[in-house]
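Overview (structure and organization)
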Amino acid sequence: MAHACLAAMIVLPAAVVGYWLMTDTVQLAVRAQLPANAVQASLSLSQRYAGAAITLVPLALLLLGLRQARACFKHFAAGEVFTAVTVRCLRRFAGWVAVSVAVSMIASTAISVLLTLNNPPGLRHLAISIGTDQLFTLFFAGMVWRMAA
C-alpha cells in the first residue's frame, strides 16, 4: 500500500495536466457541471494551464494526505500497529482529505468561471455543486478521524 500511495503521488499530477491539455471542451464543461454547449469559444493554452493549476490545488492537499497514509502503511509493515505515530498519521491523512474536498468545491466553481470566461456577456456560467462523491469522501475522512481519536 505504501508503494501504491507513492505511485499515486507521482502519476496523479501528471495525469491532471495531461487531462487539461488533451481533453475537448465539451468534456471539460460536463466535468465542471456545465451544459455540454456552455463553452462557446475555444480555450486558450493559458486557460488550460490555469484549469490544471486550479485542479492541482485540491490534489496537492490530497497528496499531502497520501504522504501521511504512506507513512502509516510503512509503520504497519514494520509491525507498528496503532502506535501514537500511526494514529497521528491516520488523523493527518483524514484531515488532509477533508481539507482537499472542501477546497475542491471552491476549485470546481472557479473552473466553471474559467471555462466560460471567453463567452459573450450573459452567456458566462458560475456553477456551484456539491456531489455525493464529495460528501462520501468527507464522511470517510470523518470516520477515519474519529477512529484515530
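Located above this text is the structure these notes cover.
Here's a quick rundown of the structure. (Residues numbered from 1 in each chain as written. Predicted model: local features only at pLDDT ≥ 70, side-chain atom pairs only at ≥ 80, totals over all residues. Heavy atoms only, no water.)

Moving on, we get to helix α3 (residues 45-77). What sets the pattern is the α-helix's 3.6 residues per turn: residues three or four places apart point alike. The terminal C-alpha atoms of α3 lie 44 Å apart, and with 33 residues this matches the ideal 48 Å at 1.5 Å per residue to within 8%. Just beyond α3, the residue with positive phi is G79, at close to 85°. (Helix = DSSP H or I, 4+ residues; strand = E, 2+ residues; numbered from the N terminus. Expected span 1.5 Å × (residues − 1).)

As for its position among the elements, T116 is in the loop between α4 (84-115) and α5 (132-148). When its relative accessible area of 1% is taken as the criterion, T116 is described as buried. Aside from chain neighbours lying at most four places away, what touches T116 is L34, A38, L123, R124 and H125. (Buried < 20%, exposed > 50% of the residue type's maximum accessible area, 1.4 Å probe, protein only. Contact = heavy atoms within 4.5 Å.)

A few words now on the nonpolar core. Membership of the largest hydrophobic core comes to 27 residues, with the highest contact counts inside it found for W20, L34 and L115. Elements supplying a minimum of two residues to this core: α1 (2-22), α2 (25-31), α3, α4 and α5. Broken down by element, this core gets its largest block of residues, seven residues, from α4. Those residues in contact with W20, other than ones at most four positions away along the chain, are L28, R48, G51, A52, T55, I111 and L115. (Core = buried A, V, L, I, M, F, W, Y, C linked by side-chain atoms within 4.5 Å.)

Below, the discussion takes up the environment of A2. Structurally, A2 can be placed in helix α1. Separated by 73 residues in the primary sequence, A2 and H75 have C-alpha atoms spaced 9.6 Å apart. Setting aside residues up to four positions removed in sequence, A2 forms contacts with R70, F73 and K74.

Orientation of α3 relative to α4, taken along the N-to-C sense of each, is 170°, at an axis distance of 8 Å. It follows from the interaxial angle that α3 and α4 lie roughly antiparallel. Of the residues that constitute the contact of α3 with α4, the class distribution is 24 nonpolar, nine polar and one charged. (Axes fitted to C-alpha atoms, helices over the stretch in contact; angles between N-to-C directions. Parallel < 35°, antiparallel > 145°, perpendicular 65-115°, else oblique. Nonpolar A, V, L, I, M, F, W, Y, C, P; charged D, E, K, R; others polar.)

Tracing the backbone through its elements, the reader meets Q134 in helix α5. In this view, Q134 contacts V101, S104, M105 and S129; residues no more than four positions away in its chain are not counted.

Here the focus is a nonpolar patch on the surface. A cluster of nonpolar side chains, F136, F139, F140, M143 and M147, forms an exposed patch at the surface whose accessible area comes to about 580 Å². The residue F136 is located in helix α5 in this model. By relative accessible area, which is 56% here, F136 ends up exposed. (Patch = residues over 30% accessible without salt bridge, like charges linked within 9 Å, V, L, I, M, F, W, Y side chains within 5 Å. Areas by Shrake-Rupley, 256 points an atom, 1.4 Å probe, with all protein chains shown as cover. Salt bridge = Lys/Arg side-chain N within 4 Å of Asp/Glu carboxyl O.)

Looking now at the environment of V144. Looking at the secondary structure, you find V144 in helix α5. With relative accessibility at 10%, the residue V144 sits in the buried group. Taking C-alpha positions, V144 is 8.4 Å from F93, a pair spaced 51 residues apart along the chain.

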